[in-house]
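Below are the chains, spelled out letter by letter.
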Amino acid sequence: MMAYGLTLPQLITAISSGNSNVGGRTISMGEQSVNVRGLGVIGSVDRLANIVLTQQGGIPVLLSDVAKVQVGFVPRLGIAGRDEKTTSSSASC
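As the structure is a prediction and not an experimental result, all values here were calculated from the model. (Residues numbered from 1 in each chain as written. Predicted model: local features only at pLDDT ≥ 70, side-chain atom pairs only at ≥ 80, totals over all residues. Heavy atoms only, no water.)

Chemist: Explain the overall build of the protein chain to me, please; I cannot follow it from the model alone.
Modeler: Looking only at helices and strands, the protein chain has three helices and eight strands in total. For the protein chain, the α and β elements follow one another from N to C terminus as α-β-β-β-β-α-β-β-α-β-β. For the protein chain, buried positions account for 13% of its 93 residues. Within the protein chain, contacts between residues at least 6 apart in sequence are counted, and of these 33% link residues at least 24 apart. If you sum the accessible surface of the protein chain, you get close to 7,500 Å²; carbon and sulfur atoms cover 53% of it. (Helix = DSSP H or I, 4+ residues; strand = E, 2+ residues; numbered from the N terminus. Buried < 20%, exposed > 50% of the residue type's maximum accessible area, 1.4 Å probe, protein only. Contact = heavy atoms within 4.5 Å. Areas by Shrake-Rupley, 256 points an atom, 1.4 Å probe, with all protein chains shown as cover.)

Laid out in structure tokens, this is it:
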């Protein structure tokens, strides 16, 4: 990042601009509710790696030029369940 004159806030802003999150609603399921939201429009690691951070001499500087882009661990935000069965990705009705 230093070689390209980039700061961490600039990197975060460029990634945020290349992606977007969409707010959703809450779906009630009995006494429980599930938050529904859309997280990001980037569908692959390659698309993330190709986000343009800046330009130098008319040549785009990509995220992959300054960082190793890979799939990592994402902590679970919650759990939904029914009839003593649980799942972390979706709930069945």
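Let us keep going from here.
Chemist: Just checking my understanding: could you explain the pairing of strand β5 (residues 52-56) for this structure?
Modeler: Bridge count for β5 against strand β6 (residues 59-62) is four bridges, and the pairing is antiparallel. Across the sheet, Gln55 pairs through a bridge with Pro60, a residue of β6. Hairpin connection of β5 to β6: two residues between the antiparallel strands, including Gly57 at a positive phi of 60 degrees. (Pairing = 2+ DSSP bridges.)

Chemist: Would you mind showing me how to read the confidence of the model for the protein chain here?
Modeler: Predicted coordinates in areas of low pLDDT are best not read in detail. On average, residues of the protein chain score 80 in pLDDT, and 81% of them are at 70 or above. Under a pLDDT of 50 for its full length, residues 88-93 has, in the predicted model, eight contacts with residues more than four places off or in other chains. (pLDDT = per-residue confidence, 0-100.)

Chemist: Would you mind going over the environment of Val52 with me for this structure?
Modeler: With respect to the helices, strands and loops of the structure, Val52 is situated in strand β5. With 41 residues separating them along the chain, Val52 and Leu11 place their C-alpha atoms 9.6 Å apart. Ignoring any residue separated from it by four or fewer positions in sequence, one finds Val52 in contact with Ala14, Pro60, Val61 and Leu62.

Chemist: How do you make sense of the nonpolar core when you look at a structure like this?
Modeler: Side chains of a nonpolar character, in soluble globular proteins, are inclined to be buried together. Judged by nonpolar contacts, Leu6, Leu11, Ala14, Ile51, Leu53, Val61, Leu63 and Val66 together constitute the single largest core of eight residues. Secondary structure elements with two or more residues in this core: α1 (8-17) and α3 (63-66). Not counting chain neighbours up to four residues away, the residues in contact with Leu11 comprise Met1, Leu53, Leu63 and Val66. (Core = buried A, V, L, I, M, F, W, Y, C linked by side-chain atoms within 4.5 Å.)

Chemist: Would you take a moment to explain the layout of surface pockets for this structure?
Modeler: Empty space among the atoms can be located by rolling a probe the size of a water molecule over them. Within this model, the second largest pocket holds a volume of roughly 170 Å³. Residues of the lining of the second largest pocket, tallied by class, amount to six nonpolar, three polar and no charged. (1 Å grid on protein atoms, 1.4 Å probe; cavity = no way out; pocket = protein on both sides within 12 Å on 5 of 7 lines; lining within 4 Å. Points joined across faces, edges and corners; volume = space filled by probe spheres on them. Nonpolar A, V, L, I, M, F, W, Y, C, P; charged D, E, K, R; others polar.)

Chemist: Before we go on, may I ask you to explain the environment of Val69 in this structure?
Modeler: By the element assignment, Val69 lies in the loop between α3 and β7 (80-82). Residues Val69 and Asn50, spaced 19 residues apart in sequence, show a C-alpha to C-alpha distance of 9.7 Å. Non-local contacts of Val69, meaning those with residues more than four positions away in its chain, are made with Val45, Leu48, Ala49, Leu63 and Ser64.

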